[in-house]
Amino acid sequence: MSEPTLGDLALRVGGEVHGDASLAILGVAAISKAGPNEITFAGDEKHLRLLAESRAGACLVSQKFRGSKLLAGTSAAIVFVDDPQDACLTLAREFRPEPPPVNIGISPEAIISSTARIGADCHIYPGVFIDDGAVLGSGCVLHPGVYIGRNCTLGEQCTLYPYAVLYPNVRLGQRVIVHASAILGADGFGYRFRSGRFEKIAQLGWVEVEDDCEIGACTTIDRGMIGATTIGEGTKLDNLIMIGHNCQLGRHNAFASQVGLAGSVTTGDYVRCAGQVGVADHVHLGRGCTLGAKAGVHKDIPEGDTQIGYPSRPEQEQLRIVMATGKVPEMRKQLRELEARVEELSRLVEQLTGPATQNLRKKTG
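Please read all numbers here as calculations on a predicted model, not as lab measurements.

Asks: Just to check I follow, could you spell out the pairing of strand β4 (residues 58-62) for this structure?
Replies: Among the 5 residues of β4, 5 are classified as buried, and the element is accordingly described as predominantly covered. Burial along β4 is two-sided: A58, L60 and S62 and C59 and V61, pointing in opposite directions, are all buried. Regarding the hand of the β-α-β motif, the stretch spanning strand β3 (residues 38-42), helix α2 (residues 45-51) and β4 is right-handed. As defined by bridge partners, β4 adjoins strand β5 (residues 77-81) across 5 bridges and the pair is classed as parallel. Considered in β5, the bridge of C59 is made with I78.

Take a look at the structure:
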């Protein structure tokens, strides 16, 4: 089978070619790595500027950049499309098709309680452990080493990757993805200090993850102390995230790696947290708010607000503080210079006024 031409690929993504439509395309690559027979994409001006130095044979570019001066210096053929990233992903799937799912069925090397209920068309790999009373909907895939605790419930078409752990009573909705070594339902960090020692508070709740959520590798979600810790529909959690007990996350939240939520944090829908955001207990993050990387949050965030920094403040306010802080060394230098000038002027005034003051005292004496 001959390699597809740029013209062939443009037709598949509804694009318009400006350049050599007969160019054979062998693959898709990043703009800095692409070679003469590969196609890349540039979704913004930053990447368009990189195109002049790229070796890519072709580039997917947004329609809005037609006639842009940024395209003048490139030798790559241009394919104008409505959404360059989406088009690039479509082509990438053609060059790198996913292998068909393995029809493994239920491995005899999995340990499954006789009281567990397994739906149709589930694939359970060797080394999986499913405890008493667990229920799996149809089409679930459990990879090696997965642990499903007592009375857990999984909706249809859930996928759990190796060594994911569900403590007892965890409830997953439909089409939930849990990546490797994530732990759902561990005890919350609850203690009372009595008689010189920490006394553990029983954690008697559970975890609920609603439909179409994705939980990243090594992420932990603690069970509630009494009720549920809840992850709202469509929410996406990156790797290495910590969700404390009794947190209530809204729908379609998106958290980047190393976000940490203390106990009983609540969020509205469409909340976004960049990497390493930390949120204190019982704080509410309003619908549609955004927190920048490393933000430290100690009080409620209003709906739709964007805050950054530690402690977190509205973005423009924090930027003014950062700019002013950067000027402190120069301001200190200027202050010292002013202090030296004032001291010099004081000495000069004393020298000029000293004899006159002495004569005045003699006359009045």
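Asks: Even after reading the chapter, I still don't get the sheet that holds strand β37 (residues 313-314), so can you show me in this structure?
Replies: Consider a sheet: its strands pair through backbone hydrogen bonds, and that pairing is either parallel or antiparallel. The strand order across the open sheet built from 11 strands is β8-β11-β14-β17-β22-β25-β28-β31-β34-β36-β37, with neighbouring strands paired in mixed fashion. Looking at the sheet topology across the chains shown, the edges are occupied by β8 (123-124) and β37.

Asks: Honestly, the sheet that holds strand β26 (residues 242-243) in this entry has me stumped. Any pointers?
Replies: The 10 strands lie next to each other as β6-β9-β12-β15-β18-β23-β26-β29-β32-β35, forming an open sheet whose pairing is parallel. Unpaired on one side and paired on the other, β6 (111-112) and β35 (296-297) mark the two borders of the sheet. As paired strands, strand β18 (residues 183-186) and strand β23 (residues 220-222) are joined by 3 bridges and run parallel to one another. Of the residues in β23, the one forming a bridge with A186 is D222.

Asks: I keep staring at the pattern of salt bridges and nothing clicks. Help me out?
Replies: The full count for this structure, using the stated rule, is 13 salt bridges. Residues joined by salt bridges that share partners form a network here, namely D187, K200 and R223.

Asks: Just to check I follow, could you spell out the nonpolar core for this structure?
Replies: In a soluble, globular protein the nonpolar side chains are often hidden away together inside. Membership of the largest hydrophobic core comes to 50 residues, with the highest contact counts inside it found for L154 and L172. With sequence-adjacent residues up to four places away left out, L154 is seen in contact with V135, L136, G137, C140, L142, I148, L160, L166 and L172. Core analysis: the next-biggest nonpolar cluster, separate from the first, contains 17 residues, L23, A77, C88 and L91 among them.

Asks: Would you mind showing me how to read the environment of S181 here?
Replies: Examined against the element boundaries, S181 turns out to sit in the loop between β17 (177-178) and β18. Once the C-alpha coordinates of S181 and L335 are considered, the two residues, 154 residues apart in sequence, prove to be 56 Å apart. Sequence-distant contacts of S181, that is, excluding residues within four places in its chain, are made with P162, Y163, A164 and C218.

Asks: Looking at this model, I keep getting lost on the packing of aromatic side chains. Mind explaining?
Replies: Any two aromatic rings considered together are summarised by their centre-to-centre distance and by the angle between their planes. For the structure shown, the criterion picks out 4 aromatic pairs. Aromatic pair Y191 and F198: ring centres 6.5 Å apart, planes at 75 degrees, arrangement edge-to-face. When the centroid spacing of 5.0 Å and the interplanar angle of 70 degrees are considered together, the rings of F193 and F198 count as edge-to-face. Owing to a relative accessible area of 54%, F193 belongs among the exposed residues under this scheme.

What counts and what doesn't
Residues numbered from 1 in each chain as written. Predicted model: local features only at pLDDT ≥ 70, side-chain atom pairs only at ≥ 80, totals over all residues. Heavy atoms only, no water. Buried < 20%, exposed > 50% of the residue type's maximum accessible area, 1.4 Å probe, protein only. Helix = DSSP H or I, 4+ residues; strand = E, 2+ residues; numbered from the N terminus. Right-handed = clockwise from strand over helix to strand, strands pointing away. Pairing = 2+ DSSP bridges. Salt bridge = Lys/Arg side-chain N within 4 Å of Asp/Glu carboxyl O. Core = buried A, V, L, I, M, F, W, Y, C linked by side-chain atoms within 4.5 Å. Contact = heavy atoms within 4.5 Å. Phe/Tyr/Trp six-rings, centres within 6.5 Å; stacked < 30°, edge-to-face > 60°.

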